[in-house]
Amino acid sequence: MSAATATPVALVDAREEGEFGGKAVQLGTALRAGLPVPPGFALGAGCVEAVAGGDPAATAALRARFEELGGPVSVRSSGIGEDSEKTSFAGQHLTVLNVRSADATVDAVREVRDSGHSETAIAYREMLGIAGEPRIGIVVQRLVEPDTAGVLFTRHPVTGAAERVIDAAWGLGEAVVGGIVAPDHFRLDAEGAVLERRAGRKDVRLEVLPGGGVERVRVEAERVGELCLDDEDLAALHALAGACEAVYGGDQDIEWAIESGTVWLLQRRPLTAIG
């Protein structure tokens, strides 16, 4: 194993999908294009296997990268073949949020790697006709602690209409992605004009714990049905959608977060579920 293979790289330098996976490479592309991506680093599949196997050099390099970046961080899979034009592994692999130490980061990398080798993940790969052993890259990024977060589709994922479709909730976006709440729902036309605002029932939010991990917190009664995005937020998300279209081309499936007025791009994949 080469030293480069066993060493994490800055996320902006993740360029090879065959080693780092689509998620890492797409975020690297976003950083090079100036999009608002939280800073982080990427582990190629070889580095992940080395860490999982207890290789001292790979583990030391991972610890050093964590200390350089500083916590808390999120640890997410970037499996080879994920988030492509034809396949999306959304929800199949573990994400570990609010990791606050180098030791915990090493543990999280091993947990995410193991999730890619689970029976469920293997079955999903077989259903998609993907042969061979899973190869899991990993993205480690500074954790955003958002006021609101959610998902954005640059084309309606059901009707195929040329609309922005946004689902949003209070706190961390995993509440939306994981179906924990019924999110607020917005539709914008191609120019950003609001077509629909529909309040959901956001009775809990996910918040980070001081010692690591997250917890569900009950939302104040008056905010359960209060819209969590205003016109300024929607305009900023419309602008992010346009920027992603300009960089990547095609239709986008975006995970985003808004922290103290700043919009962050957390993940991006091609939209695969139209019709």
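Source: prediction; values computed, not measured. (Residues numbered from 1 in each chain as written. Predicted model: local features only at pLDDT ≥ 70, side-chain atom pairs only at ≥ 80, totals over all residues. Heavy atoms only, no water.)

**Remarks on the sheet that holds strand β9 (residues 194-198)**
Two orientations exist for strands paired in a sheet by backbone hydrogen bonds: parallel and antiparallel.
And then number 1: Pairing within the open sheet is antiparallel, and its 6 strands lie in the order β9-β8-β7-β6-β12-β13. Each edge of the open sheet carries a strand with a single partner, namely β9 and β13 (262-270). For this sheet, the mean angle separating the axes of adjacent strands, direction not counted, is 20 degrees.
And then number 2: Inspection of the sheet shows strand β7 (residues 163-170) paired to strand β8 (residues 184-189) by 6 bridges, in the antiparallel sense. Within β8, the position partnered with R164 by the bridge is L188.
And then number 3: Where helix α8 (residues 231-248) meets the sheet, it contacts β6 (148-153), β7, β8, β9, β12 (252-259) and β13, and its direction lies at approximately 140 degrees from that of β12. (Pairing = 2+ DSSP bridges. Helix = DSSP H or I, 4+ residues; strand = E, 2+ residues; numbered from the N terminus. Axes fitted to C-alpha atoms, helices over the stretch in contact; angles between N-to-C directions. Contact = heavy atoms within 4.5 Å.)

**Considerations on the environment of H185**
And then number 1: Assignment of secondary structure puts H185 in strand β8.
And then number 2: For the pair H185 and R197, spaced 12 residues apart in sequence, the C-alpha separation works out to 6.0 Å.
And then number 3: The contact partners of H185, leaving out residues within four places of it in the chain, are V165, I166, D167, E196, R197 and R198.

**Quick notes on the side chain of R187**
And then number 1: Relative to the helices and strands, R187 is located in strand β8.
And then number 2: Polar contacts involving the side chain of R187 include one to the side chain of E163, which spans 2.9 Å.
And then number 3: Of note is the side chain of R187, whose polar atom sits 2.8 Å from the side chain of E196. (Polar contact = N/O pair within 3.5 Å; in protein donor to acceptor, adjacent residues only side chain to side chain.)

**Details of the nonpolar core**
And then number 1: I166, L229, W256 and L265 are the most contacted members of the largest nonpolar core, which totals 33 residues.
And then number 2: Taken together, the elements giving at least two residues each to this core come down to α1 (17-32), β7, β8, α8, β12 and β13.
And then number 3: With 6 residues, α8 is the single largest residue contributor to this core.
And then number 4: For L265, the contacting residues outside a window of four places in its chain are A30, L35, P36, V37, P38, L240, C244, I254 and E255.
And then number 5: A6, F41, A58 and F66 belong to the second largest nonpolar core, which has 23 residues in total. (Core = buried A, V, L, I, M, F, W, Y, C linked by side-chain atoms within 4.5 Å. Buried < 20%, exposed > 50% of the residue type's maximum accessible area, 1.4 Å probe, protein only.)

**Overview of the packing of aromatic side chains**
And then number 1: Applying the stated criterion across every chain, the model contains 0 aromatic pairs.
And then number 2: Lying over the aromatic face of W170, R223 brings its terminal NZ or CZ to 3.8 Å of the ring centre.
And then number 3: Taking NZ or CZ as reference, R268 lies 4.0 Å from the ring centre of Y248, over its face. (Phe/Tyr/Trp six-rings, centres within 6.5 Å; stacked < 30°, edge-to-face > 60°. Lys NZ or Arg CZ within 6 Å of the ring centre and 35° of its normal.)

**Here's the deal with empty space enclosed by the protein**
And then number 1: By the definition in use, this model includes 1 cavity of 30 Å³ or more.
And then number 2: Of the pockets and cavities examined, the largest cavity occupies roughly 150 Å³.
And then number 3: Going through the elements one at a time, β3 (73-79), β5 (136-142), β6, α6 (174-177) and β12 are the ones with two or more residues in the lining of the largest cavity. (1 Å grid on protein atoms, 1.4 Å probe; cavity = no way out; pocket = protein on both sides within 12 Å on 5 of 7 lines; lining within 4 Å. Points joined across faces, edges and corners; volume = space filled by probe spheres on them.)

**Looking at the side chain of N98**
And then number 1: Here N98 is to be found in strand β4 (residues 95-99).
And then number 2: A polar side-chain atom of N98 sits 2.7 Å from a polar atom in the side chain of R100.
And then number 3: Beyond its immediate stretch of four places on either side in the chain, N98 contacts P72, V73, L143, V208, L209, G212, G213 and V214.

**Describing the packing of helix α3 (residues 56-69) against helix α4 (residues 102-115)**
And then number 1: Interhelical geometry of α3 versus α4 gives an angle of 120 degrees and a closest axis separation of 9 Å. One finds that α3 runs oblique with respect to α4. In this structure, α3 meets α4 at a crossing whose hand is right-handed. Across the interface between the two elements, T59, L62, R63, F66 and E67 from α3 touch A102, D103, T105, V106, V109 and R110 from α4.
And then number 2: Of the residues belonging to the contact of α3 with α4, the class tally is 5 nonpolar, 2 polar and 4 charged. (Parallel < 35°, antiparallel > 145°, perpendicular 65-115°, else oblique. Left-handed = near helix turned anticlockwise from the far one by under 90°. Nonpolar A, V, L, I, M, F, W, Y, C, P; charged D, E, K, R; others polar.)

**Some details on the pattern of salt bridges**
And then number 1: Here the structure, examined in full by the defined rule, presents 16 salt bridges.
And then number 2: For R76, the salt bridge identified is with E174, shortest N-O distance 3.1 Å. With R76 in strand β3 and E174 in helix α6, this residue pair connects regions lying 98 residues apart in the sequence.
And then number 3: Judged by relative accessible area, R76 falls into the buried class, the value being 5%.
And then number 4: Between E245 and R164 there is a salt bridge, with its nearest N and O atoms 2.8 Å apart. Within this pair, whereas E245 is found in helix α8, its partner R164 is found in strand β7, the two being separated by 81 residues in sequence. (Salt bridge = Lys/Arg side-chain N within 4 Å of Asp/Glu carboxyl O.)

**Some details on the sheet that holds strand β2 (residues 40-43)**
And then number 1: Taken in spatial order, the 5 strands line up as β1-β2-β5-β3-β4 in an open sheet, and their pairing is antiparallel. At either margin of the open sheet sits one strand with a lone partner, and together these are β1 (9-10) and β4.
And then number 2: Inspection of the sheet shows β2 paired to β5 by 4 bridges, in the antiparallel sense. Paired with A42 across the strands is V139, a residue of β5.
And then number 3: Packed onto the sheet, helix α2 (residues 45-52) meets β2 and β5 and runs at close to 85 degrees relative to β5.

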